[in-house]
Amino acid sequence: EHRQEYYESLQAVREDGDWERWLKFFLGGVEWIARDASRTVQTLIGMFEGHRKKIFTLGKGTPSALRLHDLLKERGVVSLPAAQRCLKLSFPTVAKAMAGLERLGIVREATKRSRERLFSYEPYVKFIGRGTEPFQTQ
């Protein structure tokens with residue numbers, strides 16, 4: 001386990017002045033995190049580009065849907081009034097763009113209410129939340 005290796009390396013610094021061992025462990029962790037972050041970014045870029053290609057199939061509503069998609073990349077979850085304010089578009093335009101993204105499977109209504117509905121950029125939210133699900137016993 002990494003925790004044990006960390007404490008052993010730290011103890012070696014205390015007892016023997018073995019900074020090299022601890023730095024090697026520490027920098028190995030930095031390298032692993034950097035590689036993982038790079039893989040995450042590449043996966044997200046691929047996801048976003050795939051969704052952009054789908055959005056281009058919406059025809060006349062494409063420009064508004066692309067702007068809404070950009071907002072959803074920033075926020076993950078948004079209401080129609082918030083999107084309207086941020087994008088400075090009419091409510092019907094935002095609602096139509098959101099409906100288009102929903103038809104494409106890019107967003108999902110998260111609230112199931114008739115008013116103050118929230119829409120989630122579902123694939124993105126699931127991706128960034130992976131590994132944070134509560135532990136469940138069987």
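Residues numbered from 1 in each chain as written. Predicted model: local features only at pLDDT ≥ 70, side-chain atom pairs only at ≥ 80, totals over all residues. Heavy atoms only, no water.

A. Spatial organisation of the environment of Pro123. Positionally, Pro123 belongs in helix H6 (residues 122-129). Under the relative-accessibility criterion, Pro123 is labelled partly exposed at 26%. The spacing of Pro123 and Gln11 is 112 residues in sequence and 44 Å in space, taken between C-alpha atoms. The contact partners of Pro123, leaving out residues within four places of it in the chain, are Met47, His51, Gly105 and Ile106. (Helix = DSSP H or I, 4+ residues; strand = E, 2+ residues; numbered from the N terminus. Buried < 20%, exposed > 50% of the residue type's maximum accessible area, 1.4 Å probe, protein only. Contact = heavy atoms within 4.5 Å.)

B. Summary view of the side chain of Glu122. Tracing the backbone shows Glu122 in helix H6. Within the local environment of Glu122, its side chain forms a polar contact with the side chain of Arg108, the two groups lying 3.2 Å apart. The contacts of Glu122, once residues within four sequence positions are left out, are Ile106, Val107 and Arg108. (Polar contact = N/O pair within 3.5 Å; in protein donor to acceptor, adjacent residues only side chain to side chain.)

C. The arrangement of helix H2 (residues 19-55) in detail. With 37 residues, H2 extends 53 Å between its outermost C-alpha atoms, agreeing within 8% with the 54 Å of an ideal straight helix rising 1.5 Å per residue. Among the residues making up H2, those that are buried are Trp22, Thr40, Leu44, Met47, Phe48, His51 and Ile55. (Expected span 1.5 Å × (residues − 1).)

D. Spatial organisation of a nonpolar patch on the surface. Among the surface-exposed residues, Trp19, Leu23, Phe26, Leu27 and Val30 lie close enough to one another that they form a single nonpolar patch of about 500 Å² accessible area. By the element assignment, Phe26 lies in helix H2. (Patch = residues over 30% accessible without salt bridge, like charges linked within 9 Å, V, L, I, M, F, W, Y side chains within 5 Å. Areas by Shrake-Rupley, 256 points an atom, 1.4 Å probe, with all protein chains shown as cover. Salt bridge = Lys/Arg side-chain N within 4 Å of Asp/Glu carboxyl O.)

E. View of the pattern of salt bridges. Per the counting criterion, the structure on display carries seven salt bridges. Salt-bridge contacts for Asp70 lead to Lys73; the nearest nitrogen and oxygen are separated by 3.2 Å. Remark: Lys73 and Asp70 occur in helix H3 (residues 62-75); sequence separation between them is three residues, near one turn of the helix. Residue classification places Asp70 among the partly exposed residues on the basis of a relative accessible area of 31%. Here Glu122 and Lys126 are joined by a salt bridge, their closest N and O atoms 4.0 Å apart. Residue Glu122 and its partner Lys126 are both found in helix H6; the two are separated by four residues, about one turn of the helix.

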